[in-house]
Amino acid sequence: MEYRKMGRTGLKVSALCLGTMTMGKQVDEPTSLSLIERALDLGVNFIDTADMYVNGVTEGIVAKAIKGKRDAVVLASKGGHIRKLAAKYGEQIVSGPIDLARPKHFRPWESGEGTGPNDMGLSRKHLMQALEGSLRRLGTDYLDLYYAHMPDYDTPLDETLRAMDDMVRQGKVRYLGCSNFRAFQLGKALWLADKHNLSRWDVIQPPFNLLARDVEYELLPLCLEEGVGVVPFSPMAAGLLSGKYDKGKPPLEGARYSLGHWGYTYNKPYWNDLNFAAIEQLKAIAAGAGLSLSRFALAWVLANPAITSISNGSTSVAQLEDNAAATGVRLSRDVLAACDAVWQTV
């Protein structure tokens with residue numbers, strides 16, 4: 001396993017970060033526990049979760065898996081995701097183009113009938129409450145990394161940064177980051193942290209893969225310039241870059257795209273003729289490099305000098321082992337140039 005420094009910090013993390021979003025729903029608990037155990041055996045020391053993954057169930061599974069091994073793991077969680085407001089509170093209004101991966105109207109996450117207006121977002125009240133909940137479910141008194149999960153246009157950014165700085169000063173969080181933020185928002189956050197002497201965001205989680213490369217224009221150069229680590233999610237376009245899908249057939253049973261409303265809504269931007277045509281070209285490039293498309297897709301993300309680690313989930317041990325092998329692959333300049341040519345068609 002390869003280990004990389006997270007941005008300008010001294011923290012070293014495995015090039016593969018085990019994502020856990022599917023654990024507790026798409027992947028049952030026994031399988032999830034075996035996946036985490038095998039990942040640790042393979043040298044993965046970086047585990048990513050969030051309070052809204054299966055409404056806290058996932059964090060509970062992670063807690064069981066790392067019990068007795070806590071200090072050997074770089075543990076990351078997130079707070080502040082928009083949730084579906086309970087009907088008794090009236091109409092829900094979501095401000096701003098929230099999601100970097102899907103810049104359109106956002107559907108809030110289902111989280112139960114008791115969800116109130118302060119049970120979401122990046123206010124001091126909610127973030128402090130969210131962190132305490134994550135610590136309790138994860139069975140730990142600190143997180144190595146805590147992310148602001150998505151932008152909150154109703155909360156001043158300095159309020160969020162001051163609250164997260166307090167978490168560091170209290171010893172409950174070691175490093176801070178954000179997910180789904182745009183380049184200008186990260187730049188503003190770095191400026192505010194510098195201006196007010198606050199703990200800064202040292203890592204960001206954007207979507208990034210062979211079919212979604214927009215972050216290369218602004219966000220990744222900013223991160224290289226300012227020493228911010230990058231841990232992209234969806235490096236395989238939610239599995240589409242495994243090459244196992246056929247646009248003319250229904251999604252495979254049990255795979256991400258077949259998970260009812262959420263599976264389709266979450267990944268719909270990828271499911272189009274242009275991307276399927278690009279995948280055929282990428283399959284040929286991968287085959288020429290002697291690689292499966294899935295391993296090739298992960299190795300391509302890791303080849304970018306801005307990338308610290310890839311946050312990637314697995315549904316089986318065999319899949320996990322194949323994904324981990326991608327960290328040892330090095331792609332030639334000619335192969336990378338061929339991928340650039342495909343991106344131009346997309």
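Read on for a plain summary of the structure. On a predicted model such as this, the values are computed, not experimentally measured, just so you know.

**Structural notes on the overall build of the protein**
Check the secondary structure of the protein and you find 11 helices and 10 strands. Within the protein, the proportion of its 346 residues that are buried is 54%. Relative to all contacts within the protein whose residues are 6 or more apart in sequence, the contacts with residues 24 or more apart total 80%. Working note: accessible area of the protein is about 14,700 Å², and carbon and sulfur atoms make up 51% of it.

**Here we look at the sheet that holds strand 8 (residues 201-205)**
One open sheet holds the eight strands; their spatial order is 9-8-7-6-5-4-3-10, and the pairing between them is parallel. What marks the edges here is a single partner per strand, and that holds for strand 9 (229-230) and strand 10 (310-312). Here strand 3 (residues 16-19) runs beside strand 10; their pairing, made up of three bridges, is parallel. When the sheet's bridge partners are listed, cysteine 17 is paired in strand 10 with serine 311.

**Here we look at the packing of helix 4 (residues 157-169) against helix 5 (residues 183-196)**
Each pair of packed helices can be summarised by the angle the axes make with each other and by the distance between the axes. Axis separation between helix 4 and helix 5 bottoms out at 10 Å; the angle between their running directions is 60°. Classed by the angle they form, the pair helix 4 and helix 5 counts as oblique. Both helix 4 and helix 5 take part in a crossing whose hand is right-handed. For the pair formed by helix 4 and helix 5, the contact residues are Leu157, Asp158, Leu161 and Arg162 on the first element and Gln185, Lys188, Ala189, Leu192, Ala193 and His196 on the second.

**Points about the nonpolar core**
In this structure, Leu186, Trp201 and Phe296 are the most contacted members of the largest nonpolar core, which totals 84 residues. If one sorts the elements of this core by residue count, helix 9 (residues 293-302) sits on top with eight residues. Discounting residues that sit within four places of it in the chain, phenylalanine 296 has contacts with Leu210, Ile285, Ala286, Leu291, Leu331, Val335 and Cys339. By size, the runner-up hydrophobic cluster in this structure holds 11 residues, among which are Met6, Cys17, Ala76 and Leu145.

**Some remarks on helix 2 (residues 57-66)**
Burial of helix 2 is extensive: seven of the 10 residues sit out of reach of the surface. Remark: glycine 68 follows helix 2 within two positions and exhibits a positive phi of approximately 85°.

**Concerning the pairing of strand 8**
For strand 8, the buried fraction is high: five of the five residues fall into the buried class. As paired elements, strand 7 (residues 173-179) and strand 8 share four bridges and run parallel to each other. Its bridge partner lying in strand 8, leucine 176 is registered against tryptophan 201. Pairing of strand 8 with strand 9, which is carried by two bridges, proceeds in the parallel orientation. Bridge pairing in strand 9 places isoleucine 204 opposite valine 230. You can see the chain leave strand 8, run along helix 6 (residues 219-226) and come back into strand 9, and the turn it takes is right-handed.

**Let's talk about the packing of aromatic side chains**
Pairs of aromatic rings are described using the distance from one ring centre to the other and the angle between the two planes. A complete count under the given rule lists two aromatic pairs for this structure. Ring geometry for phenylalanine 181 and tryptophan 201: centres 5.0 Å apart, planes at 70°, overall edge-to-face. Of this pair, phenylalanine 181 sits in the loop between strand 7 and helix 5 while tryptophan 201 sits in strand 8, placing them 20 residues apart in sequence. Residue class for phenylalanine 181 comes out buried when judged on its relative accessible area of 3%. For tryptophan 201, a relative accessible area of 1% puts it in the buried group. Between the aromatic rings of phenylalanine 208 and tryptophan 300, the centroid separation amounts to 5.1 Å while the plane-to-plane angle is 45°, which identifies the pairing as tilted. Residue phenylalanine 208 is found in the loop between strand 8 and helix 6, and its partner tryptophan 300 is found in helix 9; the two are separated by 92 residues along the sequence.

**Comments concerning the environment of glycine 239**
By the element assignment, glycine 239 lies in the loop between strand 9 and helix 7 (260-267). Overall, the relative accessible area of 16% leaves glycine 239 in the buried class. Along the primary structure glycine 239 and asparagine 312 are separated by 73 residues, whereas in three dimensions their C-alpha atoms are 9.9 Å apart. Beyond its immediate chain neighbours, meaning those up to four positions away, glycine 239 contacts Lys244 and Tyr245.

**What to know about the pattern of salt bridges**
With the rule as written, the count across this model stands at 17 salt bridges. Taking the shortest distance from any N to any O, the salt bridge between arginine 4 and glutamate 2 comes out at 2.9 Å. Residue classification places arginine 4 among the buried positions, given a relative accessible area of 16%. Relative accessible area serves as the criterion here: at 21%, glutamate 2 is assigned to the partly exposed category. Salt-bridge contacts for aspartate 48 lead to lysine 78; the nearest nitrogen and oxygen are separated by 2.6 Å. Separated by 30 residues along the polypeptide, aspartate 48 in strand 4 (residues 46-48) and lysine 78 in strand 5 (residues 74-79) bring together distant segments of the chain. Just as aspartate 48 is buried, lysine 78 falls in that class too.

Rules used in this analysis
- Residues numbered from 1 in each chain as written.
- Predicted model: local features only at pLDDT ≥ 70, side-chain atom pairs only at ≥ 80, totals over all residues.
- Heavy atoms only, no water.
- Helix = DSSP H or I, 4+ residues; strand = E, 2+ residues; numbered from the N terminus.
- Buried < 20%, exposed > 50% of the residue type's maximum accessible area, 1.4 Å probe, protein only.
- Contact = heavy atoms within 4.5 Å.
- Areas by Shrake-Rupley, 256 points an atom, 1.4 Å probe, with all protein chains shown as cover.
- Pairing = 2+ DSSP bridges.
- Axes fitted to C-alpha atoms, helices over the stretch in contact; angles between N-to-C directions.
- Parallel < 35°, antiparallel > 145°, perpendicular 65-115°, else oblique.
- Left-handed = near helix turned anticlockwise from the far one by under 90°.
- Core = buried A, V, L, I, M, F, W, Y, C linked by side-chain atoms within 4.5 Å.
- Right-handed = clockwise from strand over helix to strand, strands pointing away.
- Phe/Tyr/Trp six-rings, centres within 6.5 Å; stacked < 30°, edge-to-face > 60°.
- Salt bridge = Lys/Arg side-chain N within 4 Å of Asp/Glu carboxyl O.

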